[in-house]
Amino acid sequence: AVVSTQSTGREHFWYFAISNCEASGGMEFTIDLHMYNYGDNVWTKEFSYDEQGLEALYLFWFLVYLIGGSIHGYGIWVFVRARSYHTLVRLLSTTIGTQFVSVLCLFIHYAVYATNGMGVPGLHVLGNLLDIFGQVVFILLLVLIGSGWAISKSTLNNRKQILIITGFLFASYLALFIWEMAGFDSASTLYIYDSPPGIIVIIIRVLAMGWFINTLRVTISEENHPTKRRFYMY
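Residues numbered from 1 in each chain as written. Predicted model: local features only at pLDDT ≥ 70, side-chain atom pairs only at ≥ 80, totals over all residues. Heavy atoms only, no water.

(A) Here's a closer look at the overall build of the protein. On a plain count of helices and strands, the protein comes out with six helices and zero strands. Shown N-terminal to C-terminal, the secondary structure of the protein runs as helices and strands in the order α-α-α-α-α-α. Relative to a compact globule of 234 residues, whose C-alpha radius of gyration would be 17 Å, the protein shows 24 Å and is clearly more extended. Along the three orthogonal principal directions, the C-alpha set of the protein runs to about 85 × 35 × 35 Å. (Helix = DSSP H or I, 4+ residues; strand = E, 2+ residues; numbered from the N terminus. Rg over C-alpha atoms; globule rule 2.2 N^0.38 Å.)

Structure, rendered in structure tokens:
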């Protein structure tokens, strides 16, 4: 049976109840319930109001990473031929590659989701995990550049601090992901970063940003080479 509902002035959740007034000992039945938005628009039919546009968003970023990743891949080939593929560039390559695979997984998930309302849960989990890993590696890359490693100095005096903060940031992201997958109520309208793990992640990122800015300030003050100073400042 197909049940149509009249559109309302606001978005909200729908609930269904089934009863049998003639039953005396309860009911046993199997039901397959599939809810979708009115119309045949593939961009909105299977998506709730707060998720509409995700398929187009990941399609856009997939194309961006495909083009940008191809250009970066050519740069890697040049560096490898010249035997100058530095660790900082490797970290950047890891970030770009990880984010590209993450966006690809999420795009495939939402493309399938647009057809059946279920998607590919495994790719959804993998895409989010790769996104977390890529973000943490990129933050590590920024901190290393701000510290002047391999640009102004060949050694790191605060290596232990960098590893501890990076590990703590990754653990916080992982806790947020696990909380979202296992303990987050899909019917809740609470934004993920309003949750306790989300707030912790935001605080850590703000602290990491402050640490990066302070480290960059110290590196600039100690750098005497004009070209390197301009690199740090711009």
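Next comes the rest of the account.
(B) Geometry of the packing of aromatic side chains. Within this structure, the stated rule accounts for ten aromatic pairs. For the ring pair Phe62 and Phe100, a centre distance of 5.7 Å and an interplane angle of 25° mean the geometry is stacked. With Phe62 in helix H1 (residues 54–81) and Phe100 in helix H2 (residues 87–116), the pair connects residues that are 38 residues apart, well separated along the chain. For Phe100, a relative accessible area of 21% corresponds to the partly exposed category. (Phe/Tyr/Trp six-rings, centres within 6.5 Å; stacked < 30°, edge-to-face > 60°. Buried < 20%, exposed > 50% of the residue type's maximum accessible area, 1.4 Å probe, protein only.)

(C) Structural context of empty space enclosed by the protein. Taken as a whole, this structure holds one cavity of 30 Å³ or more when the rule is applied. Taken together, Ile139, Leu140, Val143, Ile165, Thr166, Leu169, Ala208 and Trp211 make up the full set of residues lining the largest cavity. Looking at the lining of the largest cavity, the elements that each hand over two or more residues are helix H3 (121–146), helix H4 (159–183) and helix H5 (196–222). When its residues are assigned to classes, the lining of the largest cavity shows seven nonpolar, one polar and no charged. (1 Å grid on protein atoms, 1.4 Å probe; cavity = no way out; pocket = protein on both sides within 12 Å on 5 of 7 lines; lining within 4 Å. Points joined across faces, edges and corners; volume = space filled by probe spheres on them. Nonpolar A, V, L, I, M, F, W, Y, C, P; charged D, E, K, R; others polar.)

(D) Spatial organisation of H5. End to end, H5 covers 39 Å across 27 residues, agreeing with the expected 39 Å (1.5 Å per residue, within 8%). Of all the residues in H5, the buried ones are Pro197, Gly198, Val201, Ile204, Ala208, Trp211, Thr215, Leu216, Thr219 and Ile220. (Expected span 1.5 Å × (residues − 1).)

(E) The arrangement of the nonpolar core in detail. Formed by 25 residues in total, the largest nonpolar core has its most connected members in Leu88, Leu144, Ile162, Leu169 and Tyr173. For this core, the secondary-structure elements that each account for two or more residues are H2, H3, H4 and H5. With near-sequence residues (within four places) excluded, Leu169 lies in contact with Val136, Ile139, Ile204 and Arg205. Counting ten residues, the second largest nonpolar core, distinct from the first, contains Tyr58, Val103, Tyr110 and Ala114. (Core = buried A, V, L, I, M, F, W, Y, C linked by side-chain atoms within 4.5 Å. Contact = heavy atoms within 4.5 Å.)

(F) Representation of the side chain of Gln99. With respect to the helices and strands, the residue Gln99 is situated in helix H2. Not counting the four nearest positions on each side in its chain, Gln99 is found in contact with Tyr65, Leu130, Asp131, Gly134 and Gln135.

(G) Local environment of the layout of surface pockets. If you add up the space inside the second largest pocket, you get close to 180 Å³. Breaking the lining of the second largest pocket down by element, the ones donating at least two residues are H3 and H5. No other element matches the five residues that H3 contributes to the lining of the second largest pocket. Looking at side-chain class alone, the lining of the second largest pocket contains seven nonpolar, one polar and one charged residues.

(H) Molecular detail of unusual backbone geometry. Positive phi, normally seen in glycine, also occurs at Arg83, with a value near 55°. Note on placement: Arg83 falls in the loop between H1 and H2. For Arg83, a relative accessible area of 81% puts it in the exposed group. One non-glycine residue, Ala150, lies in positive phi territory at about 70°. Within the secondary structure, Ala150 sits in the loop between H3 and H4.

Read these as layout, nothing more, since geometry by itself doesn't imply function.
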